[in-house]
Amino acid sequence: LTRLIMWLSLFLVSFFVSEHIRPTIGQSLSIDIQPNDVIVVQGWKATFNCSVDLMIAAIAWWMNGQPVITGGRFQVQADGSLSINETLQQDAGFYQCQATSGNQTVYSRRAQLSFAYITPSFDRNPEDKTVAIGSDTSFYCINSGSAPLADILWEKNGRPFLDGIASSTGIDSTRTTSSLQIPKVGKKAEGSYRCVATNKLLTNERVKSNAAYLTVNAPDVAPQFTVLPSDLVAVPGQPAQLRCSASGNPTPSVAWENGSGSIVANDSTVTVFANGSLHFTEVTANSITVNSTFRCVASNRAGTRRSLYVSVRVAQWTGKFVVEPSSVTAIAGENTTLRCTPPASVPTATVRWLKDFAPIQSRPEILVLASGDLWIAKVRPSDEGRYVCAAENPILHRSDLSQEAQLTVYVRPQIVLRPPASLAVVVGSVLRLNCSASGVPVPKIEWFLSSKPLQDDNNVTIDSQHLTIRTLSLEGEGTYECVASNAAGTISTQLSVDVQIPPVITNKPSNAVVSEGSRTDLLCEASGDPIPRIRWTGPSLDSYHGNQLILNNTNRTQKGIYSCIATNVAGSATISAFVDVQYGPEITFITPNTTSIVGDEVHYDCLAAGDPQPTVLWYRSNSVIGNSSNGTATIHFRSTKPSDDGVYMCTAVNVIGRSSAVRYLTIHEGPEINVPPSDVIEKIRGTISLQCQSSGIPTPSLRWQKDGSTVQAQRDATRQLSVSSDGTLSISDVSISDSGTYTCIVTNVVGSVNSSALVVIQGLSDPPRDVQAYTVSATEIALRWSPPTFTGNTDLSTYVLRYRVVGERTWRLAFQSAQLPFFSFEQLTPYTNYEFAVSAENRLGSSQMSNITRAITHQAAPAVPVIAAGVISSNTVQIAWSPPQPTNGILQFYELQYNAANEGLAANSTIVRIDSSTTNITVSGLLPFTAYISSVRASTGNETQLLWSNWSVPVTTRTKEGVPLEAPGNVSITAVGHRSISLQWTAPNLVSIQGNLQGYRVYYRIVEANSGVSVTDLQPGHNRSVSFVLSRLRPNTNYSIAVAAYNAASGGPLSSQIAAKTTEDVPEVAPTLRSLLATGPDSVLVSWFPPPVETHNGILRGYQIFYRKLSESVFSIDIVYENKTTFSSKRNHTIINLDVYSFYEINLTAFTTPGTSPASHSMVVRTGEGTPSPPTSLQAIRVTHTSITLTWQLPDFVNGVLRYYTVYYDSADVDGSTGLFQELSNETLITLVHLLPNTEYNISVTATTGYQEGPHSVLVRAKTIALPTSPPLPTTSRPTTGTTTTVATSQASTATSIEIHSPAAPTEKSEDDAITRTLIIVGSAIGVFLLVLGVILCGICCQTDGRNGKKETRCTCTCCGPKGKGRKRNTYKLSHFDNEDSEAGDFTNWALSTSENFSFKKPDDIVTFQDSFLHGQEDETDARGSNETLELGYDLSPIATSIADYEADAGYSTFKPDERPPSMPGPSPYSSHENLTTADQLASVENDMSGDADGFILDSAL
């Protein structure tokens, strides 16, 4: 009954517990997320995080040991964090989180709340340093304190210094040390350096350290001369100076040595100035400095350097040329030299040359040699003129001119008009060849034919440009050469002339008269060059061969004219022949004989008839004359002439015969002068011829008259007068008296005629008389004279006037009409002495010159000076001019006038009179950047009357620009962007610019950072209002801005400063992804650092976290908003609901209101292991009476690394069925042993990953085989709970004791919690009642026994534990015993306790202990005996039998979870009890956690 009650109570308790309470592993309360120290600005929000590992826990907060009362500014959030809004100074202190769950209470770490500050001082300031150039140096500083730690940067001369290597490190919680390394310093590194500490929370506060100055010393450098002394020529009686300066490090000192090597000391005559110059007070011919030598000596500690010796001489001038230039004749293109050796001079005289008293125009071919000679290369004709050598002493300013030298330039002949290279000319024609040449003197032209000279004759004419051959003969063929020559040289050109002959008919064809039907031949031959070609024309051409025409069987159609034509390139020749058929002729009419006077009209007609019609012809001297037509021949004399007198015969001819008749014509002719005399003008003592050729019938007579008197022939020694047979009158040695009118008279019987001619005998005129010159003005002289007495018996053509400057050799010419005996010479040079002469000219030439007279022109205003101006400063200009050329007199003064250019040279211009010796002036007191116009003039004359030149062409110059006087106005902000600010302002008054407005400078700086000023230049526009966009700014930043105008001189004043703040922009820099940590099967903790504060570009609102599985392409996004009260440099966020044990790519961006930053770099993480799915295909493959061999397949979803499998099995076949647990490896083949024979078991399997155990597989039932002989029933009570076997994997190193609560089968939690709790309470109460009843009943049957002097309680029933102890739990623990009091060799030093602890000395004891069970030794003996056993109080035979069966029947093999197990186990590998592998596989053997054990423990639920 007792046993029944106990079993029933245990069953009820286990039932309610197993059905309604899930088994859990016992956990202790802990805080997962500890609060961190927080630093805030007073008034900001502060937050302390706190999170526990249990969902049900009460959170409370403590401050400085006192509880925090929530509400108002203090709030505890749902996640346990503490928020403090609008923090106050009294909120500073230490905060601690308290978590309470049940009877557990834990505390977080103490987190401090403090307020941001920065101490306005430095514990260590940088120190001044002096270093050598090229070396390394460094500065250090430590700030006095800051929370959070200060950021330190370095400045040089007030601007950020970025060229060095700066590093900062926190040395404690409040102080930061910073160093600045500057490698290889240069001179530009010199300056003032300081630290600037800033607090990232207190952005408006900047703390600057004391400044340290870095001095960079250059290395020692030996002296180097920057100015070397040079030879000195001094003016006598004047001071002089030798200059010398040197550079080096340190700055060298300068001294002077004389020629003897002694140092020159300062005295009254010589001084060494501080700049190194050697100053001589006065230099004289007797001074010791004259012809002395000195050198400059520069010294410093790096060395000494000496210059070369230089001399000091006194200036001298003799004034007499050593060699004077002389006249030279040169040929153009060649080189020539004009000699000149200047006077002796100290220093050597400078030589310049004048041409025609003007400076020589410079060109590379003209050089003044060191000797003073003028060398002209490739002389030009324009170089001809008068040359003067001018020598000057530049020190004494004395100069002299040499005598004049004439350079005459000859030019070689050049042919300017050339004949063609070849020419073809027809013989007998005119050959005219052109050839002319230029040169100086004028070249002579000569012609040659085939190298033989040609001379003028009746057929050949040669002049300066032409060769004319009137009739070209064959001898004229050949090569013609034109040769031009003068004193400078000779040049020639050639051409070839080919003489061509036109065709000439040498054998003419004859007219042919034939009878019809007969044959006639016409023959024609011609000559010429080239040989002519012959062709025929006519009414009918039967055939012809070259020059022969054959007419066969003639007929009337062939009657006509046949022509022979001979042609070549020179021309053509034609001859004709008439072919006719004649019939018997008969003359029917003929004009009778006629007498006529020359000039009358006469007709002679002759008519004939015939069949065929005859040809009627008139003949005279066997020559056909007149016309013939239609049987009629006519002779028509329109105006008869004497040659027409004679016999004429008319003949009519045809093929039959001929008929003729004769007539006579008689002609009379009156006298006629065919060649009348011509007027003759002849020089005295010349010869004249007057022709008079006449004709008439009969022949007339001829006579001459002079001025109406008959001329008589005469002859004497010098003079002859005669009349030739042809009527020509000739007179030789004529005189003025032979002048007159000569008449030729011709007479015959018909009448008389005459003709007259004028004869004039002429000579040269006498010179003009009484020549006088009168000065009219500075440029005009009037000349008067009387005409000559005798003009040469002809009219004067002109007067030739000669004039020149006195002293010149060449006369200049002027011409005046013969009717005007006076002349005015204008455009003469003022203030110049001229001489004049006059000659008269008629057709025969010019008379002798008159007497020479002289006159001097008056002074005149000089030429206009040439002015130039240069700018010195904004209110000063330099004006210079060159003396007028020519001066036209004696220069007296210059006058300069100037005024503002916009006003012009008006009445208000400033005029300054300047002495003629000055040619420049400095004008000051002008306005900046103002255009000034200036002009200059010069005067000659005298004090009573000044002659002023015209004002020069005005020159305009502008003073330099001045600094602007006015700032831009109305500066305003028109728009603000995130990186730009739009500005607008009005331009300053143009006058205040004082120059060209080159633009504006916009000055701007960041207000909070107290940074240096940045400058941006802007080009000016044309509008009064100026707009500008200031770009490339930092977003969300306050700027201070000012504007100034600038010109070329400088920038003007700044405008009033205005403030503007740029708008927010997206962050510039991505957050820094720090780490990814898988915090669960479906969650990852992301940690990152925010972007640097200076790159936020605004208020950082939060972050976007992008994540995706590597097998997918689309990112998911988590948005994390920034917590303003969190000032940690690290941020965290947990991504949840991810896939189990999967790889994820994660990156993130930061965002402000305008947008997001660039993405950070990506990292990959795998989520944690999760719950695996149930194993599959579970089946029993072998069954024995005490074992079942199982196999299964891997879970479909492992969700991690598979650690081990757990096999659950129990049996309900027998009341009080036995359940055992079995630990298994991660194999999918296992044999359950120690089973009851002939018992059906319910079996399931779970898989466990690193995360947790998974659900059960499908339940499998298997029944063991019945034994032939059943073993004794166990005497110990057996639990009714199910048995759990855990299969361990490779975690052998884990040394923890696992307490397993084993339900028979897992169930789900009831949906109705109230019902569940009720059932638990009722069932537990019943079970406890029954259990207490069973214990009471069990106690009744227990007895007290004493052995070995000890009183013990023995229990004879099997419901209690050993030694009569009450069983407290179903778990028996075989553990290591404590061997501190045991001696070596103890075999069974163990005792039974309430927890059923069995202790063994060494591992072999376990085997011995097993043997005691297998042999059934139950006698209680001495525990110290080596062969003694202990009666346990219950039957262990099932365990022993199972072990034996296992060793005998089944071997154990190890497989990995993903390998397929063999279908059957192999034979047992264990042959003796010395191998403990079997025992190790049956129990979980662990190290005792007490630290002093060296045995093993076995946990088993029975």
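Just so you know, these numbers come straight off a predicted model, no measurement behind them.

Brief notes about the overall build of the chain
Next up, step 1: Per the secondary structure count, the chain includes six helices and 121 strands.
Next up, step 2: The buried share of the chain, taken over its 1502 residues, is 41%.
Next up, step 3: Considering only contacts within the chain whose residues lie at least 6 apart along the sequence, 64% involve residues at least 24 apart.
Next up, step 4: When the accessible surface of the chain is split by element, carbon and sulfur atoms take 51% of a total near 78,400 Å².

Side note on the confidence of the model for the chain
Next up, step 1: Looking at the chain as a whole, the pLDDT averages 80, with 81% of positions reaching at least 70.
Next up, step 2: In the model, residues 1342-1502 has pLDDT below 50 throughout and makes 256 contacts with residues more than four positions away in sequence or in other chains.

So, the sheet that holds strand β46 (residues 431-434)
Next up, step 1: Across the sheet, which stays open at both edges, the three strands sit in the order β46-β51-β50 with antiparallel pairing between neighbours. The outermost strands of the open sheet, each flanked by one partner alone, are β46 and β50 (460-462). Neighbour to neighbour, the strand axes of the sheet diverge by 10 degrees on average, direction disregarded.
Next up, step 2: As paired elements, β46 and strand β51 (residues 466-469) share four bridges and run antiparallel to each other. Paired with Arg432 across the strands is Thr468, a residue of β51.

Considerations on unusual backbone geometry
Next up, step 1: With an omega of -5 degrees, the peptide bond between Val346 and Pro347 qualifies as cis.
Next up, step 2: By the element assignment, Pro347 lies in the loop between β37 (345-346) and β38 (350-355).
Next up, step 3: Gln885 connects to Pro886 through a cis peptide bond whose omega is 5 degrees.
Next up, step 4: Within the chain, Asn970 stands out as a residue other than glycine whose phi angle is a positive 55 degrees.
Next up, step 5: Within the secondary structure, Asn970 sits in strand β97 (residues 969-976).
Next up, step 6: The phi angle at His1234 is positive, at roughly 65 degrees, despite the residue not being glycine.
Next up, step 7: Looking at where His1234 falls in the secondary structure, it is placed in the loop between β114 (1229-1232) and β115 (1240-1249).
Next up, step 8: Judged by relative accessible area, His1234 falls into the buried class, the value being 12%.

A short note on the sheet that holds strand β8 (residues 82-84)
Next up, step 1: Here three strands make up an open sheet; going across it, the order is β3-β8-β7 and the pairing antiparallel. Two strands in the sheet have a free side with no partner beyond their single neighbour: β3 (46-48) and β7 (74-76). Averaged over all neighbouring strand pairs, the angle between strand axes comes to 15 degrees, with direction disregarded.
Next up, step 2: The sheet contact formed by β3 and β8 spans three bridges and is antiparallel. Note that in β8 the partner of Thr47 across the bridge is Ser83.

Re the packing of aromatic side chains
Next up, step 1: Evaluation of the coordinates by the stated rule reveals 22 aromatic pairs.
Next up, step 2: Arranged with centres 5.1 Å apart and planes meeting at 25 degrees, the rings of Phe139 and Tyr193 form a pair that is stacked. Taken together, the residues span a long stretch of sequence, with Phe139 in strand β15 (residues 137-143) and Tyr193 in strand β21 (residues 191-198) at a distance of 54 residues.
Next up, step 3: For Phe139, a relative accessible area of 0% puts it in the buried group.

Parameters at a glance
Residues numbered from 1 in each chain as written. Predicted model: local features only at pLDDT ≥ 70, side-chain atom pairs only at ≥ 80, totals over all residues. Heavy atoms only, no water. Helix = DSSP H or I, 4+ residues; strand = E, 2+ residues; numbered from the N terminus. Buried < 20%, exposed > 50% of the residue type's maximum accessible area, 1.4 Å probe, protein only. Contact = heavy atoms within 4.5 Å. Areas by Shrake-Rupley, 256 points an atom, 1.4 Å probe, with all protein chains shown as cover. pLDDT = per-residue confidence, 0-100. Pairing = 2+ DSSP bridges. Axes fitted to C-alpha atoms, helices over the stretch in contact; angles between N-to-C directions. Phe/Tyr/Trp six-rings, centres within 6.5 Å; stacked < 30°, edge-to-face > 60°.

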